Amino acid sequence: MSSLINKVLFTRAGYGLTILRIVVGVIFAAHGAQKLFGMFGGYGLAGTAQYMESLGLTPGYAMAVLSGGTEFFAGLALIIGLLVRPAALGLTVLSLVAIFTVHISNGLFMANNGYEFALALLGGSLAVLIEGAGKLSVDRAIAG
């Protein structure tokens, strides 16, 4: 296996990281499903695109597809443990954008639409990015 692929897939992390990876993946996939498909009370692509435009993230439709697609597909990747480092990198960038475009001016706490939840998801994404997928993952099975 090439050195780069091995670095992406390799993990020494244990079961704790596996649990964190799956929980963070479920949350991101659900948020992506809200944006893309209108599931779980979400607004779908049209509503999300309108919201993105109101934030100054244009073109709104493209931003809705990018953010929803990243959340949904990277979330699924975390759940199954396949290519988790690239997925976690995308989710890290997405979380930073959410924090600095939507939540930072509202302070820390969620009660005021602050950045505490996005910060927690950022921490989970960074942990997966650094440590890898954990014991129960497709990445570990492929890397051997």
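Thresholds, definitions, all that
Residues numbered from 1 in each chain as written. Predicted model: local features only at pLDDT ≥ 70, side-chain atom pairs only at ≥ 80, totals over all residues. Heavy atoms only, no water. Helix = DSSP H or I, 4+ residues; strand = E, 2+ residues; numbered from the N terminus. Polar contact = N/O pair within 3.5 Å; in protein donor to acceptor, adjacent residues only side chain to side chain. Contact = heavy atoms within 4.5 Å. Expected span 1.5 Å × (residues − 1). Buried < 20%, exposed > 50% of the residue type's maximum accessible area, 1.4 Å probe, protein only. Phe/Tyr/Trp six-rings, centres within 6.5 Å; stacked < 30°, edge-to-face > 60°. Lys NZ or Arg CZ within 6 Å of the ring centre and 35° of its normal.

**Digging into the side chain of T18**
Here is step 1 of the chain: Its place among the elements puts T18 in helix α2 (residues 15-37).
Here is step 2 of the chain: Polar side-chain contacts of T18 include one of 3.3 Å to the backbone oxygen of G14.
Here is step 3 of the chain: In contact with T18, other than residues within four places in its own chain, are A133, G134, K135 and L136.

**Notes on α2**
Residues three or four positions apart in an α-helix share a direction because the helix packs 3.6 residues into each turn.
Here is step 1 of the chain: With 23 residues, α2 extends 32 Å between its outermost C-alpha atoms, agreeing within 8% with the 33 Å of an ideal straight helix rising 1.5 Å per residue.
Here is step 2 of the chain: Of all the residues in α2, the buried ones are L17, T18, R21, V24, G25, F28, A29, G32, A33, K35 and L36.
Here is step 3 of the chain: Contacts from the buried residues of α2 go to α3 (44-54), α4 (60-80), α5 (84-103) and α6 (116-131).

**Let's talk about the packing of aromatic side chains**
Here is step 1 of the chain: Under the counting rule described, the total for this entry stands at 2 aromatic pairs.
Here is step 2 of the chain: Summarising the aromatic geometry, the rings of F37 and F72 are spaced 5.3 Å apart at their centres and angled 85° between planes, so their arrangement reads as edge-to-face. Within this pair, whereas F37 is found in helix α2, its partner F72 is found in helix α4, the two being separated by 35 residues in sequence.
Here is step 3 of the chain: Judged by relative accessible area, F72 falls into the buried class, the value being 17%.
Here is step 4 of the chain: Taken together, the ring pairs connect F37, F72 and F73 into an aromatic cluster.
Here is step 5 of the chain: The ring of Y15 is capped by K135, whose NZ or CZ atom sits 5.9 Å from the centre of that ring.

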